[in-house]
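Here are the chains, one letter per residue:
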Amino acid sequence: MTSPISRVLTRIAALLPARADLTNLRRDPRRNLSAGLTVAVVALPLALGFGVSSGLGAQAGLATAVVAGALAALFGGSNLQVSGPTGAMTVVLVPIVGEHGPTGVLTVGLMAGVLLVALAALRAGRCMRYVPAPVVEGFTLGIACVIGLQQVPNALGVPAPEGDRMPVVTWRAVGEFARHPNWTAVTVAVAVAAVMLAGARWRPAVPFSLLAVIAATVVTQAAGLDAAEPIGALPSGLPVPSLSFLDAGALGSLVAPAAAVAALAALESLLSASVADGMTVGQQHDPDRELFGQGLANIAAPLFGGVPATGAIARTAVNVRTGATSRLASLTHAAVLAVIVFAAAPLVSRIPLAALAGVLLATAVRMVEVGSLRAMAKATRSDAAILVLTAVATLVLDLVQAVVIGLAVAGALALRAVAKQARFDRVPLDRGDHTAEEHALLAEHIVAYRIDGPLFFAAAHRFLLELTEVYDVRVVVLRMSRVSTMDATGALVLKDAVEKLNRRGILVLASGVRPGQRRVLDSVGALEPLCHGGREYATTPEAIRAARDHLETAGLLPVRPVPEPRTSGEQALR
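Enquirer: Would you mind going over the overall build of the protein with me for this structure?
Expert: Scanning the protein from terminus to terminus reveals 26 helices and seven strands. Across the 574 residues of the protein, 49% fall into the buried class. Taking all contacts inside the protein whose residues are at least 6 apart in sequence as the whole, residues at least 24 apart take part in 82%. Just so you have it, the protein exposes about 27,200 Å², and 61% of that area is on carbon and sulfur atoms.

Listed below in structure tokens is the structure:
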């Protein structure tokens, strides 16, 4: 018998890259190298921008893109996923930086990585399939709004005000701009965003984000526009891996933020991998391996001064559209960014913050899929309500809280819809071989009901009210063969209804009880009252015969004469 540790090690070994993954790296290298180069060009300004927005600086964004991008590509569960710093993660990190400082963010990233590896070992990746589409769309819309609001201070050229609620921070930044306007920063941000949005419509394959940032940097440097503040000096290379930031005494207070970061990393990475699968034919990611790869990436990134990373939907989409077919493209993206870190750090340090703000503003706009939002809004009122609620919660609350709220509301509405499917209908008695007079007597004393659909906690109490309102009969027959599911609450409610009817002198019989239902009914003691004389009735006619026997015993129906046995001579005559 294997020990728990052996089972865990076996499970982790199954998450490691297989020989087929390494073989796939050698397929179509030219195409994947080209795709990786294109993604790196697109990712550079985003990595810089998200690093600045997180509060740890542009160098943290670059380190994350290089380290996390390489490890997630190598160990992740998708051949096409591109990982790095993202806007959604930045939204979560800003309040952590404000409360715990940069070292707190690095510690949170490390802890989140460990949690992701644990989730992978527990095979939690498949839970993503249970997230409803309106929650995802609302979450994405809310993130886009938050990213856009985050860029307002840099786009206006004012210092970022204090606060962790983006609407409040944005309002304060606008007030500061009104007192000390900086039109250079506004012009740079708007121009970069406009070039990106217009260029994406005109030539989607051209990296207009990088071209716009380069142009903005050249113009501001040539014109000596000091009002367009640059991002600042960058180190020429990655720092030496270190655990010096780790504060063992603060680990307890960082558990909740780490859990939030891990949850967001899992959600966004699996969503991005699913999007990549949908854009291709024949690609299917492994959700547990994806969590494992993201966990290793987040464990390693803080050692190099990087922020927590996730799968990046926008960069992954670019990777797919430019023809990537293997992990080589994602690895090339990380390698090109590493070269930029070592070779072009002085040039990158001159990029204006307003230009990066423009890049992220355009990115936020492009995250909003108007067609998908319109489709969700038109689908059902429930879908529209879930979408709007999740988006608003994302904007004003923590992102993980927003997803939890969206899932809770979606679950409640789904249960409500399922509960409405449960029906409790009276059905006429089968005429059978009874005379008209006998059938009239039976109908006077016996009533039959058919239960359709689920009998569980969300629908059970309505069933109790309907059943206990039965009057002026002596026997109730319940046809249970169409009950799709039953839980303990449904069984208890049924037991309560039967006991109330029995106290009024009404016998309740059941037919067509399935094995699964029988187990639930028996566990709460509801099976015995439904089986008159200890008998179970497979069909409704059998239950009707038992009901008639009960009525005959009670003297409410005339006793049917027992046919006399015929003699052999009579039988011969027949």
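Following the structure, the description resumes.
Enquirer: It is not clear to me how the nonpolar core should be interpreted in this structure. Could you clarify?
Expert: In summary, soluble globular proteins display a tendency toward joint burial of nonpolar side chains. Of all hydrophobic cores here, the largest spans 85 residues; its most connected members are Leu-48, Val-192, Val-261 and Leu-337. Counting residues per element, this core draws most heavily on helix 5 (residues 87–121), at 16 residues. For Val-261, the contacting residues outside a window of four places in its chain are Met-89, Val-92, Leu-93, Ile-96, Val-108, Ala-112 and Pro-308. Among the nonpolar cores identified, the runner-up in size contains 29 residues, and Val-447, Val-473, Leu-521 and Ala-526 belong to it.

Enquirer: Explain unusual backbone geometry here, please?
Expert: In most cases, non-glycine residues show a negative phi, while peptide bonds are predominantly trans. In this model, Asp-28 sits at a positive phi of 50 degrees, which is unusual for a non-glycine residue. Locating Asp-28 in the fold gives a position in the loop between helix 2 (19–24) and helix 3 (29–54). For Asp-28, a relative accessible area of 38% translates into the label partly exposed.

Enquirer: What is the right way to read the environment of Ile-96 from this model?
Expert: Here Ile-96 shows up in helix 5. Overall, the relative accessible area of 6% leaves Ile-96 in the buried class. Along the sequence, Ile-96 and Pro-257 sit 161 residues apart, while their C-alpha atoms lie 7.3 Å from each other. Excluding anything up to four places from it in sequence, Ile-96 contacts Gly-101, Gly-104, Val-105, Val-108, Pro-257 and Val-261.

Enquirer: Looking at this structure, I do not really get the packing of helix 3 against helix 13 (residues 313–321). What am I missing?
Expert: At their nearest, the axes of helix 3 and helix 13 sit 9 Å apart, and the two run at 165 degrees to each other. Between helix 3 and helix 13, the crossing angle belongs to the class labelled roughly antiparallel. The element helix 3 and its partner helix 13 pack so that their crossing is right-handed. In this structure, helix 3 contributes Ala-35, Thr-38, Val-39, Val-42, Ala-43, Leu-46 and Phe-50 to the contact, and helix 13 contributes Arg-315, Val-318 and Asn-319.

Enquirer: Help me understand the packing of aromatic side chains, please; the structure alone is not making it clear to me.
Expert: We describe a pair of aromatic rings using the distance from one ring centre to the other and the angle between the two ring planes. Taken as a whole and assessed by the stated rule, the structure comprises one aromatic pair. Geometrically, the ring pair formed by Phe-177 and Trp-183 is edge-to-face, given 5.1 Å between the ring centres and 85 degrees between the ring planes. Classification of Phe-177 as buried rests on a relative accessible area of 12%.

Enquirer: Even after reading the chapter, I still don't get the side chain of His-285, so can you show me in this structure?
Expert: Its location among the elements puts His-285 in the loop between helix 11 (255–278) and helix 12 (287–300). His-285 gets classed as buried once you look at its relative accessible area, which sits at 11%. Of note is the side chain of His-285, whose polar atom sits 2.5 Å from the side chain of Asp-277. Ignoring any residue separated from it by four or fewer positions in sequence, one finds His-285 in contact with Gly-77, Ser-78, Leu-270, Ala-273, Ser-274 and Asp-277.

Enquirer: Teacher, can you tell me more about the pairing of strand 5 (residues 475–479) here?
Expert: Burial analysis of strand 5 places four of its five residues in the buried class, which makes it a mostly covered element. Pairing geometry for strand 4 (residues 446–455) and strand 5, over five bridges, is parallel. The residue bridging Tyr-449 from the neighbouring strand is Leu-478, located in strand 5.

Enquirer: For this particular structure, what's the right way to read the layout of surface pockets?
Expert: Using a probe with the size of a water molecule, rolled over the atoms, empty space left in the structure can be pinpointed. One number sums up the size of the largest pocket: a volume of about 1,300 Å³. In terms of lining, the largest pocket is formed by 42 residues, of which the most central are Ala-314, Arg-321, Arg-366, Met-367 and Glu-369. Mapped onto the lining of the largest pocket, the elements with two or more residues apiece are helix 3, helix 5, helix 6 (133–150), helix 9 (183–202), helix 10 (208–223), helix 11, helix 13 and helix 16 (353–367). For the lining of the largest pocket, the per-class residue count stands at 28 nonpolar, seven polar and seven charged. Considered as a void within the structure, the second largest pocket measures approximately 460 Å³ in volume. Of all the elements in the fold, those that place two or more residues in the lining of the second largest pocket are helix 3, helix 5, helix 6, helix 7 (152–156) and helix 8 (166–179). Here the lining of the second largest pocket takes four residues from helix 5, the largest share from any one element. For the lining of the second largest pocket, the residue count by class is 10 nonpolar, eight polar and two charged.

Enquirer: Even after reading the chapter, I still don't get the packing of helix 3 against helix 5, so can you show me in this structure?
Expert: Helices that pack against each other are described as a pair by the angle of their axes relative to one another and the distance between those axes. Two elements in contact, helix 3 and helix 5, have axes separated by 8 Å at closest approach and are oriented at 25 degrees. What the angle tells us is that helix 3 and helix 5 run roughly parallel. The element helix 3 and its partner helix 5 pack so that their crossing is right-handed. Contact residues: Phe-50, Ser-53 and Ser-54 in helix 3; Gly-87, Thr-90, Leu-93, Val-94 and Val-97 in helix 5. For the contact of helix 3 with helix 5, the per-class residue count stands at four nonpolar, four polar and no charged.

Enquirer: Would you explain the side chain of Gln-151 in this entry?
Expert: Within the element layout of this structure, Gln-151 appears in the loop between helix 6 and helix 7. Judged by relative accessible area, which is 2%, Gln-151 ranks as buried. Those residues in contact with Gln-151, other than ones at most four positions away along the chain, are Ser-53, Ala-357, Leu-360 and Leu-361.

Enquirer: Explain a nonpolar patch on the surface to me, please; I cannot follow it from the model alone.
Expert: A surface patch of nonpolar side chains, about 290 Å² in accessible area, is lined by Val-388, Val-392, Val-396 and Leu-397. The topology assignment puts Leu-397 in the loop between helix 18 (381–396) and helix 19 (399–421). Assessed through its relative accessible area of 32%, Leu-397 is described here as partly exposed.

Enquirer: It is not clear to me how the pattern of salt bridges should be interpreted in this structure. Could you clarify?
Expert: For side chains of opposite charge, pairing can occur when their charged atoms come near one another. Enumeration over the complete set of coordinates arrives at four salt bridges. Across the salt bridge formed by Arg-450 and Asp-452, the nearest N and O atoms sit 3.3 Å from each other. By the burial criterion, Arg-450 is buried, and Asp-452 matches it. Ionic pairing is found between Asp-496 and Lys-500, a salt bridge with its closest N-O pair at 3.9 Å. Placement of both Asp-496 and Lys-500 in helix 22 (residues 488–503) is noted, with a separation of four residues, approximately one turn of the helix. On the accessibility criterion, Asp-496 (27% relative accessible area) is partly exposed.

Scoring rules and cut-offs
- Residues numbered from 1 in each chain as written.
- Predicted model: local features only at pLDDT ≥ 70, side-chain atom pairs only at ≥ 80, totals over all residues.
- Heavy atoms only, no water.
- Helix = DSSP H or I, 4+ residues; strand = E, 2+ residues; numbered from the N terminus.
- Buried < 20%, exposed > 50% of the residue type's maximum accessible area, 1.4 Å probe, protein only.
- Contact = heavy atoms within 4.5 Å.
- Areas by Shrake-Rupley, 256 points an atom, 1.4 Å probe, with all protein chains shown as cover.
- Core = buried A, V, L, I, M, F, W, Y, C linked by side-chain atoms within 4.5 Å.
- Axes fitted to C-alpha atoms, helices over the stretch in contact; angles between N-to-C directions.
- Parallel < 35°, antiparallel > 145°, perpendicular 65-115°, else oblique.
- Left-handed = near helix turned anticlockwise from the far one by under 90°.
- Phe/Tyr/Trp six-rings, centres within 6.5 Å; stacked < 30°, edge-to-face > 60°.
- Polar contact = N/O pair within 3.5 Å; in protein donor to acceptor, adjacent residues only side chain to side chain.
- Pairing = 2+ DSSP bridges.
- 1 Å grid on protein atoms, 1.4 Å probe; cavity = no way out; pocket = protein on both sides within 12 Å on 5 of 7 lines; lining within 4 Å.
- Points joined across faces, edges and corners; volume = space filled by probe spheres on them.
- Nonpolar A, V, L, I, M, F, W, Y, C, P; charged D, E, K, R; others polar.
- Patch = residues over 30% accessible without salt bridge, like charges linked within 9 Å, V, L, I, M, F, W, Y side chains within 5 Å.
- Salt bridge = Lys/Arg side-chain N within 4 Å of Asp/Glu carboxyl O.

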